[in-house]
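The residues making up each chain are set out below.
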Amino acid sequence: MAIASSKSLTLLGVILRVCVVIGVIALATWGVHLIRDTLDLQIRPDNEQQVHKAIMVGIVAYVGLLAMPFVPGAEIGIALLAAFGAAIAPLIYVCTVAAMMLAFTIGRFMPISTIERLFRVLRLVRAAELVGRAAPLSGNERLSMLLDRQSKRTVSIAVRYRYVAMALAVNMPGNSIIGGGGGIMIVAGMSGVFTPLATFLTVMIAVSPVPLAVLFLSLTF
Amino acid sequence: MTQILQVAAIAAATLGTGAATLSVMNEDVPDFAVPEGDWATTGALDGRTFQIYGEDPGSGAVLEDDIVFRNGTFQSTDCENYCNFGWSDYQTKTIDGVIHFTSTAICPDAPHTVVWYGRVTGDEVVIDGTWTTRRWYWTNQIEVHATGSVAPSVDVAG
């Protein structure tokens, strides 16, 4: 009886949580719609050049910031999607892939000491500490860094299915605790256990859900 | 050297795939479809200027413009405020006493293409058209619907 009650409570809890999540998403969507309507951003001949320049500056900042560990960059992409809707989704998708591959390339080919020094020069202390923590570890150990506080079995499975683990880690809400997309890709590059081609294909699939949903399902924020 | 080649390969793959993705995912928006017919360079509207008023149905923005015809060419004074389109050739055809004209203006400094299609009946004109901007990452189009009437000639540069 007690077990049945506990199960029904759990089920109720799950239903409640799902309802709360749906409610939060609905509220956030409504809020962003409100902001968008308030901004009333129309692309007209008299402002098209300024909009173009703003988008160019925005995507350069987006790629640069997204590639850095512990630096919030995704918000720029979300802001661009909110402002311009589905029309900007392909550009955001391509820039996200570019940022992830930039971070991976930095991790894979730049000497670890240089990366750490670079982050210290940029005052990115947490990023430098992340790289410093990864430096003495083996490739697989660096990969397991991305699965902080997970069981040995989980780490073992993640090492075996490392590309799936990478895709999940990049998309995991709250991954900013372990460095965000940029940090994950730098450590993945440093680990040496990911090949560039397979990583590229993984990233292309991993970062596609939001832009593709915006584009093909006509979702707007 | 191998590392440099690998970095170059990653960069090339990322940029190449990105460009391909953008070209596939970005749907082109065609310019205004001008009806086919026996269009000819006649200069039938040379020396005339029309004051037109209209709006962009997408944004509700108001259009106030003078369109000028001279020496077989056409110019919108309002469009000149945003880009130095200059004078563009125009063509005409006459159906039941209505002079139909079309002109395509291309901005030399930015990827703007403006297609005009108008019908002139006596001193009145009805205009349809599109202002299309094709950036490498998207295509934006503004529709134009306007009506107007003959105005005194205005001074335009060029």
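Values in this document were obtained by computation on a predicted structure and should not be read as measured data. (Residues numbered from 1 in each chain as written. Chains lettered and ligands numbered in written order. Predicted model: local features only at pLDDT ≥ 70, side-chain atom pairs only at ≥ 80, totals over all residues. Heavy atoms only, no water.)

Peer 1: Go over helix 8 (residues 152-160) of chain A, please, and point to the residues and values.
Peer 2: Residue and element names in this part refer to chain A. Along helix 8, the positions that sit buried rather than exposed are V155, A158 and V159. Buried positions in helix 8, seen along its axis, are confined to an arc of 100° and lie on one side of it. Of the exposed residues in helix 8, those oriented more than 90 degrees away from the buried face are R153 and R160. On its buried side, helix 8 packs onto helix 7 (139-145) and helix 9 (162-171). (Buried < 20%, exposed > 50% of the residue type's maximum accessible area, 1.4 Å probe, protein only. Helix = DSSP H or I, 4+ residues; strand = E, 2+ residues; numbered from the N terminus. Arc of directions from axis to C-beta. Contact = heavy atoms within 4.5 Å.)

Peer 1: I'd like a description of the pattern of salt bridges, backed by residues and values.
Peer 2: Enumeration over the complete set of coordinates arrives at seven salt bridges over all chains. The partner of R44(A) in a salt bridge is D56(B), and the shortest N-O contact between them spans 2.7 Å. One end of the pair, R44(A), is in the loop between helix 1 (2-39) and helix 2 (48-66); the other, D56(B), is in the loop between strand 1 (49-55) and strand 2 (62-70), on a second chain. For the pair shown, R44(A) and D56(B) are each scored as buried. Measuring nitrogen to oxygen at the nearest pair gives 3.4 Å for the salt bridge that ties E116(A) to R120(A). In this pair, E116(A) and R120(A) both sit in helix 5 (residues 112-121), four residues apart, roughly one turn of the helix. Owing to a relative accessible area of 23%, E116(A) belongs among the partly exposed residues under this scheme. Linked by salt bridges that have partners in common, D28(B), D31(B) and R134(B) make up one network. (Salt bridge = Lys/Arg side-chain N within 4 Å of Asp/Glu carboxyl O.)

Peer 1: Hey, could you go over the confidence of the model for chain A for me, with residue numbers and the actual values?
Peer 2: In this model, chain A carries an average pLDDT of 80, and 85% of its residues clear a pLDDT of 70 or more. A low-confidence stretch, residues 1-6 of chain A (pLDDT under 50), is modelled with zero contacts involving residues beyond four sequence positions or located in other chains. (pLDDT = per-residue confidence, 0-100.)

Peer 1: How would you explain the sheet that holds strand 3 (residues 73-76) of chain B if you had to name every residue and give the values?
Peer 2: Residues and elements named next belong to chain B. In spatial order, the strands read 1-2-3-4-5-6-7-8; together these eight strands close into a barrel with antiparallel pairing. In this sheet, neighbouring strand axes are inclined to one another by 30° on average, regardless of whether the strands run parallel or antiparallel. Here strand 1 pairs with strand 2 via seven bridges, running antiparallel. Looking at strand 2, one finds that F50 is bridged to I67. (Pairing = 2+ DSSP bridges. Axes fitted to C-alpha atoms, helices over the stretch in contact; angles between N-to-C directions.)

Peer 1: Would you mind going over the environment of V63(A) in detail, with residue names and values included?
Peer 2: Residue and element names in this part refer to chain A. Mapped onto the secondary structure, V63 falls in helix 2. For the pair V63 and G77, spaced 14 residues apart in the sequence, the C-alpha separation amounts to 9.3 Å. Residues within four places of V63 in sequence aside, it is in contact with C95, A99 and L102.

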